[in-house]
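As a plain string of letters, each chain reads:
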Amino acid sequence: MSLRVAVFASGGGSNFQAIAENAVNYRVTLVVCNRSEAGVLGRAHNLGVPAHVLSPRAFESDKLYAIALLELLHSEKIDLIALAGYLCKIPATVVEAFWGRILNIHPALLPRFGGKGLYGRRVHKAVVEAKEAFSGATVHFVDEEYDTGPILLQKKVPVLPEDTPDSLAERVLAVEHQIFPEALDLIAQGRVQIKGRHVIIRPIKTHDD
Ligand code: GRF
């Protein structure tokens, strides 16, 4: 039985689309979005994935927002959550309930160029200004902080001398679209184990094993 994945997104949703279209051992069965005008909603509609708009601002307290999220995730029997450009913090009770089952994509090589306030174009601007030779993308498990959870997959992208934040963002985004479905598939195959701050990826079992 394939795992049921919820994608949380606030923006255009190109990662949502890559995750949904490249699913092998999992299925994207839900989109959660905090903005009713976000591009991801159109993409979800086109791919026939049910989407819910749930803004933390619509709730009287963080606690009520967390309860609503948990109710939705449980009623949709969600196994895994993929944060794909989701600009709201996930409440601690949700992180706890889904510990080891929430992944985030970050458009840089964590632990560098991550943390509160470093998202989207700001990340690429910081990388270009620091004259880094490489940037890249990281898929990591989510903990209670920003961008600090155990890292599952990373892929490098060279920074070219003529790069602007936008040109770098475009090449990093293409890599995000590769590694996010790959990471979800590794989990769906049962090959991923978290040990403290580290992640172990088991090799594929063959008939000779
Ligand atoms: C991506 O760059 C992702 O790394 C970041 O937000 C962006 C989302 O892009 N967290 P999209 O909405 O998936 O197109």
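So, a few notes on the structure that sits alongside this text. Everything numeric here is computed off the predicted structure, so don't read it as measured data.

### Topic: helix α5 (residues 121-129)
1) Next: Taken together, the buried positions of α5 are Val123, His124 and Val127. Buried residues of α5, seen end-on, are gathered within an arc of 95° and therefore sit on one face of the element.
2) Next: In this fold, the buried residues of α5 make contact with β5 (102-106), β6 (134-141) and α6 (165-188).
3) Next: Lysine 131 sits one or two positions beyond α5 and adopts a positive phi of about 55°.

### Quick look at the pattern of salt bridges
1) Next: For the coordinates displayed, the defined rule picks out five salt bridges.
2) Next: Among the salt bridges present, the one from arginine 35 reaches glutamate 37, with a minimum N-O distance of 3.5 Å.
3) Next: On the basis of relative accessibility, which here comes to 57%, the residue glutamate 37 falls in the exposed class.
4) Next: Taking the shortest distance from any N to any O, the salt bridge between aspartate 163 and arginine 171 comes out at 2.7 Å.
5) Next: Given a relative accessible area of 9%, aspartate 163 falls into the buried group.

### Re the site of the ligand
1) Next: In the region of the ligand, the neighbouring residues are Gly11, Gly12, Gly13, Ser14, Asn15, Gly85, Ile105, Pro107, Leu173 and Glu176.
2) Next: Between the ligand and the protein, one listed contact pairs an oxygen atom with a backbone N or O atom of glycine 12 at 3.3 Å.
3) Next: Here serine 14 contributes a side-chain N or O atom positioned 2.6 Å from an oxygen atom of the ligand.
4) Next: Taking a 2 Å distance to the grid points as the criterion, the majority of the atoms of the ligand fall inside the largest pocket.
5) Next: Elements with a contribution of two residues or more to the shell around the ligand: α1 (14-21) and α6.
6) Next: For the shell around the ligand, the class distribution of residues is three nonpolar, six polar and one charged.

Here is what the cut-offs are and how they apply
Residues numbered from 1 in each chain as written. Predicted model: local features only at pLDDT ≥ 70, side-chain atom pairs only at ≥ 80, totals over all residues. Heavy atoms only, no water. Buried < 20%, exposed > 50% of the residue type's maximum accessible area, 1.4 Å probe, protein only. Helix = DSSP H or I, 4+ residues; strand = E, 2+ residues; numbered from the N terminus. Arc of directions from axis to C-beta. Contact = heavy atoms within 4.5 Å. Salt bridge = Lys/Arg side-chain N within 4 Å of Asp/Glu carboxyl O. Near = heavy atom within 4 Å. Polar contact = N/O pair within 3.5 Å; in protein donor to acceptor, adjacent residues only side chain to side chain. 1 Å grid on protein atoms, 1.4 Å probe; cavity = no way out; pocket = protein on both sides within 12 Å on 5 of 7 lines; lining within 4 Å. Sits in = over half its atoms within 2 Å of the grid points. Nonpolar A, V, L, I, M, F, W, Y, C, P; charged D, E, K, R; others polar.

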